[in-house]
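Overview (structure and organization)
Listed here are the chains, written in short residue letters.
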Amino acid sequence: MAYATGMTLASRSILPMCSRTCLSPLRVASLLVFPEKSSATFFRRIQVPHLFSTSTTPLFSSVKCSIQSTSSLETENQAVSRPNVVDILEERGLLESITSENLRSVCSDPKVAPLRVYCGFDPTAESLHLGNLLGIIVLSWFQRCGHQAVGLIGGATGRVGDPSGKSLERPELDADTLEKNIAGIKRIIIKILGGNPSSGGSYVIFNNYDWWKDMTMLDFLNKVGRFARVGTMMAKESVKKRLESEQGMSYTEFTYQLLQAYDFLHLFKNEGINVQIGGSDQWGNITAGTDLIRKILQAEEAAYGLTFPLLLKNDGTKFGKSEDGAIWLSPSMLSPYKFYQYFFSVPDVDVIRFLKTLTFLSLDEIKILEDQMTKSGYVPNTAQIKLAEEVTRFVHGEEGLKEAIKATEALRPGAETKLDWNLIERIAEDIPSCSLPIDRVSGLSIVDLSVSAGLFESKSAARRMLKQGGFYMNNERVDDENKRVEEEDIVEGKGLVLSAGKKNKVVVRIS
């Protein structure tokens, strides 16, 4: 089926058919889910290619619509403009490649309907991690520029595993684990894309298992396989690297790019989704999709791909790993406090670049921070605090940020924040802790307790830190090496916090 592009409904003589229009299911759903958008607005902004389903059977027998003159439609179209999201992404270092420069023009053309843009997330874990955050940020930029964001959870592709950037085949996950992971990822997408008022909140979530579960091998070969060229598939960078490795590549992994390509075809044909985004390592999978759409649907310049750079530190290594493993986006797997601390610890050489890529601060605001960093009166870590606040708010919301800031302040040696046991319990998840009976704490010298709790390896190390002024109990500096733990030092009779300098801490629980 040939798709006409760049045409509004007003430019075609089909308005008399509006009472029997074959609307695609998601387009109709968007009218029902977002009732503030009138039928007049719908017909005013939508493109002809996305008005019709591929089926010849009407979805509804009657759809009311408002007919306006061509001149009034053109006047309103000229008044409605969108920021050029591709230019914005490029300015902020979030653009690696696009499949066509035409994407740059259509994304802000008021005569073209808003784009529907998707990013895929395979459910390999119960939470997304920092490496996935760029995809969500780019989706949010599209939202903020008037387009619709679509999250695709790979309930089917997650059973196969994407070989891109991997040296080994992913282990197979059982059905229960997959369902648990899918639910966890869905919660994160809903919270971030739907919970940020400034993003506009226009989003949809799909699971590709819904259209793969009933497809047979023969169906796959007939619908997809006969259009694929083995030479082209083998030329993909992700495939070449694996074929050259000692482990090689299984046929299952080899077909992954066709599964992802068909996802794009299905979403384009049935849901009007016309842009796929992903990290730079997804270029081969994305172009496999645009090629399949072109071959099967004969649609030229109708489906687009966009990739963004991987999240790297200044030394070229991946940003998003800590000593304890991945930086998870789910608060149940990594507390907002620890998430905040990770960004607070970003070195100066990286912080400005991350402010551009990971936050929605204006470039002017970021330039002011950058200029301040070179001046003598600059307070160290000011830029890092701003980065940590903005990213934590985006991922964990205002409440998560408040929790992170409160815990950060409470754990700062010398802080005036009064520690209560509820706060200590929360931060105990993120720092070392131990349990000791009351008779091994009350009346014990602070030096002996710090060694028993594992804060120091020896009493001499504890005394040395104490003399340097870096030994704290419950955030209060300890100056007397003969200090003994008294009953009032134990917070609510349940425990206390010992600190050596700014970073080394331990929670002592009373068992």
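These numbers were taken from a predicted model, which means no experiment stands behind them.

Viewed as axis vectors pointing N to C, helix α6 (residues 130-144) and helix α18 (residues 382-410) meet at an angle of 85°, and their least axial separation amounts to 12 Å. By the angle class used here, α6 and α18 are roughly perpendicular. Each of Leu133, Ile136, Ile137, Ser140 and Arg144 in α6 lies in contact with α18, whose residues at this interface are Val391, Phe394 and Val395. Tallied by class, residues from the contact of α6 with α18 come to six nonpolar, one polar and one charged.

Moving on: a negative patch on the surface. On the surface, a cluster of negative charge is contributed by Glu172, Asp174, Asp176 and Glu179. Among the structural elements, glutamate 179 can be located in helix α7 (residues 175-195).

The next subject is helix α16 (residues 348-358). Here α16 has its buried residues at Asp350, Val351, Ile352, Phe354, Leu355, Thr357 and Leu358. Where the residues of α16 are buried, they touch α6, α15 (336-344), α17 (363-373) and α18.

What the five strands build is an open sheet, ordered β9-β13-β12-β10-β11; its pairing is mixed. The open sheet has two free edges, formed respectively by β9 (433-436) and β11 (476-477), since each of these has just one partner strand. Looking at chain direction, β9 and strand β13 (residues 504-510) are connected through four bridges and run parallel. Bridge pairing links serine 435 to arginine 509 in β13.

The next thing to look at is a nonpolar patch on the surface. On the surface, a nonpolar cluster with roughly 460 Å² of combined accessible area is contributed by Met217, Leu218, Leu221 and Tyr251. Considering the arrangement of structural elements, one finds methionine 217 in helix α9 (residues 217-223).

For the rest of this paragraph, the subject is helix α14 (residues 283-297). Its 15 residues give α14 an end-to-end C-alpha distance of 21 Å, which sits within 8% of 21 Å, the value for a rise of 1.5 Å per residue. Restricting attention to buried positions, one finds in α14 the residues Gly284, Asn285, Ile286, Thr287, Ala288, Gly289, Thr290, Leu292, Ile293 and Leu297. Against the buried residues of α14 lie α13 (256-271), β5 (275-279) and β6 (304-308). Looking one or two residues beyond α14, the residue adopting positive phi is glutamine 298, at roughly 55°.

Our next topic: the nonpolar core. Residues Ile277, Leu306, Phe343 and Leu358 are the most contacted members of the largest nonpolar core, which totals 70 residues. At nine residues, α6 tops the list of elements feeding residues into this core. Leave out the neighbours within four places in its chain, and isoleucine 277 touches Val117, Tyr118, Cys119, Gly135, Val138, Leu139, Phe142, Ile286, Leu306 and Phe308. Among the nonpolar cores identified, the runner-up in size contains 34 residues, and Val160, Met215, Phe254 and Phe268 belong to it.

About the criteria used
Residues numbered from 1 in each chain as written. Predicted model: local features only at pLDDT ≥ 70, side-chain atom pairs only at ≥ 80, totals over all residues. Heavy atoms only, no water. Axes fitted to C-alpha atoms, helices over the stretch in contact; angles between N-to-C directions. Helix = DSSP H or I, 4+ residues; strand = E, 2+ residues; numbered from the N terminus. Parallel < 35°, antiparallel > 145°, perpendicular 65-115°, else oblique. Contact = heavy atoms within 4.5 Å. Nonpolar A, V, L, I, M, F, W, Y, C, P; charged D, E, K, R; others polar. Patch = residues over 30% accessible without salt bridge, like charges linked within 9 Å, V, L, I, M, F, W, Y side chains within 5 Å. Areas by Shrake-Rupley, 256 points an atom, 1.4 Å probe, with all protein chains shown as cover. Salt bridge = Lys/Arg side-chain N within 4 Å of Asp/Glu carboxyl O. Lys, Arg positive; Asp, Glu negative; His and termini not counted. Charge placed at Lys NZ, Arg CZ, Asp CG, Glu CD. Buried < 20%, exposed > 50% of the residue type's maximum accessible area, 1.4 Å probe, protein only. Pairing = 2+ DSSP bridges. Expected span 1.5 Å × (residues − 1). Core = buried A, V, L, I, M, F, W, Y, C linked by side-chain atoms within 4.5 Å.

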